[in-house]
Amino acid sequence: MSETVPTILRALASSVAAASKAGEIIKNVLTKGDLGIVDKGVNDLQTEADRSAQKCIVQTLRSKFPGMTIIGEEDISLTASVPSDWIVKDEPGFITSLSCPSNLHEITDKDIVAWVDPLDGTREFTEGFLDHVTVLIGLAVKGKPLCGVIHQPYYTEDGVVKGRTLWAVVGVGFGGFQLKPALNDKLIVTVTRSHSDKILEDALIKLNPDGIVRVGGAGHKAIMLIEGIAHAYIVPTKGLKRWDTCAVEAILESVGGKVTDIHGNKYVYSKETNASNDTGIIAAIDEISHKKCQSVFQEQENDAACSLKS
Ligand SMILES: Nc1ncnc2c1ncn2[C@@H]1O[C@H](COP(=O)(O)O)[C@@H](O)[C@H]1OP(=O)(O)O
Ligand SMILES: [Mg+2]
Ligand SMILES: [Mg+2]
Ligand SMILES: [Mg+2]
């Protein structure tokens, strides 16, 4: 069976299954109560949940796709053995049965770069904002995000924590969510709740949006766009890394959104690249919202250039 399924679909199916297992692992760490928090820098936390979830995802992908390049956020040793059920065998049929164009059939595991954020929204996780937590896996081919997985372990429906997994293959399909349109003729932006600075606050004054939604996590903010709560997610400076944005970009692009840096340029997701998204992010659900945000960043740059000259 698996011989006939394109490798990229098997890789996405495995990522969907591994992200869900990582979500279980995250919940178990929290339930046990010993988070093992480390600050990797300034306001840059890592917990036992981040470490264990990454082990699960990387070991799963590595066991099936030996040629794949896997780049995870956490700098941890992967030589120690992990519980056998952390290496997930499942490849859900709703992904492997997708029909995809012939060029995607030619992709081999060596062509795929997996960008893995085992727990996005770590600060919010430690502060109890659990619905802000996601597991992100993006699969890039030829430097571009092709497949994305956003797993939200604490997604709640009717007061019950159910969890959910959003996925997409650019140009092929998406699932795990329903796209809800945002209010027309408005601009609501979503921004950080825990990493703000003067540059962001100045940009918000200049942008003067109809609403500002301050929540944690890159994956969670992408969900705000999909659910019609905001039109654009902006980060004016560095802070985000490719593992925060690869899955987000694939999913938003597959529903007609646009993700670039603040100058309108695309980031490259090849294995050779520096992981840092140095020139910020504009992630928008549509072209018009993206344009509105980009023009404000352009004005800010022009103002800065003028004040340097005078
Ligand atoms: N200054 C920073 N240092 C480290 N990670 C950052 C920084 N800013 C943002 N991030 C990452 O981007 C995500 C979105 O940022 P924010 O929640 O502030 O909007 C954060 O959850 C965090 O991912 P992670 O939690 O995976 O480390
Ligand atoms: Mg982190
Ligand atoms: Mg992150
Ligand atoms: Mg993380």
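What counts, and where the lines are drawn
Residues numbered from 1 in each chain as written. Chains lettered and ligands numbered in written order. Predicted model: local features only at pLDDT ≥ 70, side-chain atom pairs only at ≥ 80, totals over all residues. Heavy atoms only, no water. UniProt positions renumbered as here; feature names shortened; annotations may be inferred. Helix = DSSP H or I, 4+ residues; strand = E, 2+ residues; numbered from the N terminus. Rg over C-alpha atoms; globule rule 2.2 N^0.38 Å. Buried < 20%, exposed > 50% of the residue type's maximum accessible area, 1.4 Å probe, protein only. Contact = heavy atoms within 4.5 Å. Areas by Shrake-Rupley, 256 points an atom, 1.4 Å probe, with all protein chains shown as cover. Donors = N, O, S within 2.8 Å, 3.2 Å for Na, K, Ca; no water. Axes fitted to C-alpha atoms, helices over the stretch in contact; angles between N-to-C directions. Parallel < 35°, antiparallel > 145°, perpendicular 65-115°, else oblique. Left-handed = near helix turned anticlockwise from the far one by under 90°. Nonpolar A, V, L, I, M, F, W, Y, C, P; charged D, E, K, R; others polar.

Labelled according to an unreviewed UniProt entry, the protein appears under the name 3'(2'),5'-bisphosphate nucleotidase 1, originating from Nezara viridula. Reading the Cofactor (unreviewed entry) entry of the UniProt record for the protein gives the comment "Mg(2+)".

J.: Where do I start with the overall build of the protein in this structure?
T.: When you go through the protein residue by residue, the secondary structure sums to 9 helices and 15 strands. Relative to the 2.2 N^0.38 estimate, which gives 19 Å for 310 residues, the radius of gyration of the protein is 19 Å and therefore close to what a compact globule would have. Put simply, the protein has 310 residues, and 55% of those count as buried. Within the protein, contacts between residues at least 6 apart in sequence are counted, and of these 69% link residues at least 24 apart. For the protein, the exposed surface amounts to about 13800 Å²; the carbon and sulfur share of it is 52%.

J.: Can you help me understand the coordination of the magnesium ion (ligand 3) in this one?
T.: Ideal values for angles at a metal depend on the geometry: 109.5 degrees with four tetrahedral donors, 90 or 180 degrees with six octahedral donors. With distances of 1.9 to 2.2 Å, the protein atoms coordinating the magnesium ion (ligand 3) are Asp 117 (OD), Asp 120 (OD) and Asp 244 (OD). Counting residues between consecutive donors of the magnesium ion (ligand 3) along the chain gives the motif D-x2-D-x123-D. In this model, the magnesium ion (ligand 3) sits 5.1 Å from the magnesium ion (ligand 2).

J.: Help me understand the packing of helix H6 (residues 198-207) against helix H9 (residues 287-309), please; the structure alone is not making it clear to me.
T.: For any two helices packed against each other, the geometry is given by the interaxial angle and the distance between the axes. The interhelical angle for the contact between H6 and H9, taken along N-to-C directions, is 115 degrees, at an axis separation of 10 Å. In terms of orientation, H6 lies roughly perpendicular with respect to H9. The hand of the H6/H9 crossing is right-handed. Facing H6, whose interface residues are Ile 199, Asp 202, Ala 203, Lys 206 and Leu 207, H9 presents Lys 292, Cys 293, Val 296, Phe 297, Glu 299, Gln 300 and Asp 303. Classifying every residue of the contact of H6 with H9 gives 6 nonpolar, 1 polar and 5 charged.

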